[in-house]
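Residue strings, one per chain:
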Amino acid sequence: MQSLLLHLTLLIAVPLPVCFAQGNIRNSSYIGVSDANTRFGELATRYEELRRQFFTQEAEEGEDLLKGFLENYPMNAMVADFLALERQTRGSEIGFSCLYHLVLAANGGVFEGDFPVANYPATKGKIAALRILRQHYFDYPDIDTTFRYVFSGPAKDDARVFLRSLISSSPHKHVRANAMSELARHLALEANLPRIYQSRLAVLERSVPVDSNQIEDLKKLLSEIEDISIERKRAEARVLRDRIRDDYADEPITPRTEHKTPVLIQLERGESRERLNASCGRIADRLPAIEFEINHSIGKTPPSIDCKDANGNRMKLSDFHGKVVVLFFSFKGCGPCERLYPANRKLIDEMADEPFAFLGVQGDETIETIHKSLESGEITWRVWWDGEDNRHSARWNIEGWPSTFVLDKSGIMRFRGLRGKELATAVRILLKENAEQVDAREPQIKKSCPVPNS
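Predicted model, so just to flag it, every value in this text is computed and none were measured.

Engineer: Would you take a moment to explain the packing of helix H6 (residues 93-105) against helix H7 (residues 121-136) for this structure?
Structural biologist: Helix-helix packing is characterised by the crossing angle of the two axes and by the distance between the axes. Their axes nearest at 8 Å, the elements H6 and H7 cross at an angle of 140°. Classified by the angle their axes make, H6 and H7 are oblique. When you trace H6 past H7, the crossing you get is left-handed. Judged by residue contacts, Phe96, Leu99, Leu102 and Val103 of H6 engage Gly125, Lys126, Ala129, Leu130, Ile132 and Leu133 from H7. Its residues assigned to classes, the contact of H6 with H7 comprises eight nonpolar, one polar and one charged.

Listed below in structure tokens is the structure:
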């Protein structure tokens, strides 16, 4: 089972504090409320048991691991059960929660041989859930809780149709606002994918040893998106951004809801709107992330950072023009972030004599934990604190931590999303580029400044 898990991007979500309140089931016309709650509880219990068994069971020699994943992991094995309960409780919180979970459960997946992720039961369940939500839950006030996951994993075409339909049909302003925000951010990012993939391909082709499989996978991705209309997507993103700014800026951002096992999705609305705004933010807070993807991706100048670093010293990103810069977003307690720290320190040591700077933005809850990381030597690079208002990560559209960006000596973003060996290769590419530019200028300098005769 271990080898398959190394290649699968599975959803491992952690419950977070959210703006929950108790609610009443609106309609259970097919089975009674009591029976519906019992059935849903049974599904949740079975889901967790199957999940526990899947991760603890040892694979037997010669076992078809992909077949086991498709048949035994609950995100694949229980699709029909959740769809059946939704049909019997359509229009209720239980029915909606079944669909919410199907959208959430298809959050990850990969190609495994000739079996594409599009054929996973979880993928088909997500597509079915999005269509049912669009047809039967378009007026459901909490439907925006699904938006966070619609573009995670497969079925992006269905996700776009889903959001566009709600933008035009939902009677709830907060639903329309959040649908616009998620669609605009996705379209703007999608328009940047060709350059992001091309820049990573350039790194992979110059990495040692060469990973032929990754190169072929990336070339396949590029071929699949070569026909996308970049300008059309950016134009739609701009239109949505303008609508949000002009008519929806004060609408509340949907509270985060993430769960390992199925739960009833119940949110505060109505009279608690002001408190919801204060604790969860407003849609206007999402505009910088959309602006980032429209105006600041590969080949462009990124947003400026100009404030005191974690030690209280003034530091501007532009201070490092003339150097290759890595900007690393992380936070204390982020396992994937902290696992990269040794490689970061090694890269900094190796580049000590080069025109290179490694900088960070720390999303720690308090600045005190950053001070401890700096004092212990765990972090050896200069960092800004993201602050309680996420001032930097919001402007740089940080959706996942860690995130990395590599800037050339002119302050232009050249790479993003690289780690470890790939990150080091990208830095060396730009340093070599700088050296070659200096070498090319030297003859011109000598010609313009000839040595005088003695």
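Back to the text.
Engineer: I tried to follow helix H11 (residues 230-248) on my own but got confused; where do I start?
Structural biologist: Three- or four-residue spacings in an α-helix give side chains the same orientation, since the helix completes a turn every 3.6 residues. The terminal C-alpha atoms of H11, which comprises 19 residues, lie 26 Å apart, in line with the 27 Å expected from a rise of 1.5 Å per residue. All of the buried residues in H11 are Lys233, Arg234, Ala237, Leu240, Arg241, Ile244 and Tyr248. For H11, the arc enclosing every buried residue in end-on projection is 125°, short of the 170-degree limit, so these residues lie on one face. For H11, the exposed residues lying more than 90 degrees away from the buried face are Arg232 and Asp246. Buried residues along H11 sit in contact with helix H8 (156-169), helix H9 (173-204) and helix H13 (287-295).

Engineer: In this structure, what is going on with the pattern of salt bridges? I would like to understand it.
Structural biologist: Note on pairing: side chains with opposite charge can pair once their charged atoms come close. Applying the stated criterion across every chain, the model contains 26 salt bridges. One salt bridge in this structure joins arginine 164 and glutamate 236, with 2.9 Å as the shortest N-O distance. Linking arginine 164 in helix H8 with glutamate 236 in helix H11, this pair joins segments that are 72 residues apart in sequence. Since its relative accessible area comes to 35%, arginine 164 is described here as partly exposed. Arginine 245 is the partner of aspartate 242 in a salt bridge, and the nearest nitrogen-oxygen pair spans 2.7 Å. Here aspartate 242 and its partner arginine 245 are both found in helix H11, three residues apart, which amounts to about one turn of the helix. By relative accessible area, arginine 245 is classed as partly exposed at 44%. Overlapping salt bridges bring together Arg241, Asp242, Arg245, Asp246 and Glu291 as one network.

Engineer: Explain the state of the cysteines here, please?
Structural biologist: One covalent bond between the sulfur atoms of two cysteine residues makes up a disulfide. Tallying each qualifying case throughout the model produces one disulfide. Through a disulfide, cysteine 334 is tied to cysteine 337; the S-S separation comes to 2.3 Å. An S-S torsion of about 70° defines the bridge between cysteine 334 and cysteine 337 as right-handed. Residue cysteine 337 is classed as buried on the basis of its relative accessible area, which comes to 0%.

Engineer: Just to check I follow, could you spell out the packing of helix H2 (residues 33-56) against H6 for this structure?
Structural biologist: Two elements in contact, H2 and H6, have axes separated by 10 Å at closest approach and are oriented at 20°. Judged by the inter-axis angle, H2 sits roughly parallel to H6. In this structure, H2 meets H6 at a crossing whose hand is left-handed. For the pair H2 and H6, contact is made by Ala36, Asn37, Phe40 and Tyr47 and by Ile94, Ser97, Cys98, His101 and Ala105, respectively. In the contact of H2 with H6, the residues fall into six nonpolar, three polar and no charged.

Engineer: Just checking my understanding: could you explain the sheet that holds strand E5 (residues 382-385) for this structure?
Structural biologist: What holds strands together in a sheet is hydrogen bonding between their backbones, with the strands either parallel or antiparallel. Taken together, the five strands give an open sheet; going across it, the order is E5-E4-E3-E6-E7, and neighbouring strands pair in mixed fashion. Each end of this open sheet is capped by a strand with a single partner; those strands are E5 and strand E7 (413-416). The mean inter-strand angle of the sheet, taken between neighbouring strand axes irrespective of direction, is 20°. Here strand E3 (residues 324-330) pairs with strand E6 (residues 403-407) via five bridges, running antiparallel. By the bridge assignment, valine 325 is partnered in E6 with leucine 407.

Engineer: Which parts of the structure should I look at to understand the nonpolar core?
Structural biologist: Where a protein is soluble and globular, its nonpolar side chains tend to be buried together. In this structure, Ile143 and Phe162 are the most contacted members of the largest nonpolar core, which totals 63 residues. At nine residues, H6 tops the list of elements feeding residues into this core. Membership of the second largest hydrophobic core comes to 28 residues, among which are Leu340, Ile370, Trp385 and Val427.

Criteria and thresholds
- Residues numbered from 1 in each chain as written.
- Predicted model: local features only at pLDDT ≥ 70, side-chain atom pairs only at ≥ 80, totals over all residues.
- Heavy atoms only, no water.
- Axes fitted to C-alpha atoms, helices over the stretch in contact; angles between N-to-C directions.
- Helix = DSSP H or I, 4+ residues; strand = E, 2+ residues; numbered from the N terminus.
- Parallel < 35°, antiparallel > 145°, perpendicular 65-115°, else oblique.
- Left-handed = near helix turned anticlockwise from the far one by under 90°.
- Contact = heavy atoms within 4.5 Å.
- Nonpolar A, V, L, I, M, F, W, Y, C, P; charged D, E, K, R; others polar.
- Expected span 1.5 Å × (residues − 1).
- Buried < 20%, exposed > 50% of the residue type's maximum accessible area, 1.4 Å probe, protein only.
- Arc of directions from axis to C-beta.
- Salt bridge = Lys/Arg side-chain N within 4 Å of Asp/Glu carboxyl O.
- Disulfide = S-S within 2.5 Å.
- Pairing = 2+ DSSP bridges.
- Core = buried A, V, L, I, M, F, W, Y, C linked by side-chain atoms within 4.5 Å.

Honestly, that's just the spatial picture; any functional story needs more than this.
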